[in-house]
Amino acid sequence: MIKSFIEHRLFPTTVYQNEIPENQNEFTTIKEIDYERMPSDNGYMTRYKRILTLLPDTRKSIEKHINYYAYDVLGISHKHKFHITTSWVNRHKTGDKAHTHFHANSLISGCYYLKMPESGGDICFPKPTNHNNFLSDTFNFDTQVTNERNSAEYKIDVKEGMILLFPSQTRHFTQINNSIEDRYSLAFNVWTKGEIGYEDIEKIKL
């Protein structure tokens, strides 16, 4: 009987997960700020889209994780500098959710979960269209187990204090909030600045 094997994971998309302790004083600020209903009518977001400028301690913690993700996990050179461009808080009431989307004009995006009630709904990453591993979009076997090799989406069980970072083009959505409590998540986008490229013909400065 075969009991083990070596698996090579080709070109993975790395979603980074870690934790940041909640700052209660800054969370109070978040709850008291103005919100507006999203155009998609499935949740609320803060009117102010530079919310981390009001939360210095949380911003500092998030920046540490962004740098670790970029330099230590992805192996990007330290000559490239990363900075947060936009940030806002999503508030999902009972029955609200986030539809499938990605973040435009950004390189790294992230979510920091400030309040996550039981049955508040987790985050899911659907398999990209035309990303064919063994199972393609047009042909699927019945499976005896569900795992990351054969599923059409990857779900992460969200907890309060969790921070997630991922490439901005990665599509994602959140499940319906089935709790009677509101779910709060802080979302943000990251861009870069400085020179990129090794040869003059391909070098640009951002």
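Bear in mind that the values here come from a model prediction, so they are computed numbers and not experimental data.

**Student:** Help me out: how do you make sense of the nonpolar core in this one?
**Tutor:** Side chains that are nonpolar tend, in soluble globular proteins, to be buried together. Counting 26 residues, the largest nonpolar core has Ile30, Ile62, Leu186 and Phe188 as the members making the most contacts within it. Secondary-structure elements contributing two or more residues to this core are helix H1 (24–32), helix H2 (56–73), strand S4 (81–92), strand S6 (108–115), strand S9 (162–167) and strand S11 (183–193). At five residues, H2 tops the list of elements feeding residues into this core. With sequence-adjacent residues up to four places away left out, Ile62 is seen in contact with Ile20, Leu52, Ile84, Tyr112, Ile163, Leu186 and Phe188. Cys111, Tyr113, Val158 and Phe166 belong to the second-largest nonpolar core, a separate cluster that totals 10 residues.

**Student:** Is there a simple way to explain the environment of Met38 in this structure?
**Tutor:** Within the secondary structure, Met38 sits in the loop between strand S2 (35–37) and strand S3 (44–46). Met38 sits in the buried class, given a relative accessible area of 13%. Linking Met38 and Tyr69, residues 31 residues apart in sequence, is a C-alpha distance of 30 Å.

**Student:** Even after reading the chapter, I still don't get the sheet that holds strand S7 (residues 123–126), so can you show me in this structure?
**Tutor:** The four strands are arranged S5-S10-S7-S8 in an open sheet whose pairing can be described as antiparallel. Lying at the two open borders of the sheet, with one neighbouring strand each, are strand S5 (98–101) and strand S8 (153–156). For this sheet, the mean angle separating the axes of adjacent strands, direction not counted, is 20°. In the sheet, S7 pairs with S8 via four bridges, with the strands oriented antiparallel.

**Student:** Looking at this structure, how should I read the pattern of salt bridges?
**Tutor:** Any two side chains of opposite charge can pair if their charged atoms end up close together. In this structure the tally under the stated criterion is 14 salt bridges. Residues Asp182 and Lys93 are paired through a salt bridge, measuring 3.3 Å at the closest nitrogen-oxygen approach. Here Lys93 lies in the loop between S4 and S5 and Asp182 lies in the loop between strand S10 (172–174) and S11, a separation of 89 residues in the sequence. Here Lys93 falls in the partly exposed class, since its relative accessible area comes to 32%.

The rules we used
- Residues numbered from 1 in each chain as written.
- Predicted model: local features only at pLDDT ≥ 70, side-chain atom pairs only at ≥ 80, totals over all residues.
- Heavy atoms only, no water.
- Core = buried A, V, L, I, M, F, W, Y, C linked by side-chain atoms within 4.5 Å.
- Buried < 20%, exposed > 50% of the residue type's maximum accessible area, 1.4 Å probe, protein only.
- Helix = DSSP H or I, 4+ residues; strand = E, 2+ residues; numbered from the N terminus.
- Contact = heavy atoms within 4.5 Å.
- Pairing = 2+ DSSP bridges.
- Axes fitted to C-alpha atoms, helices over the stretch in contact; angles between N-to-C directions.
- Salt bridge = Lys/Arg side-chain N within 4 Å of Asp/Glu carboxyl O.

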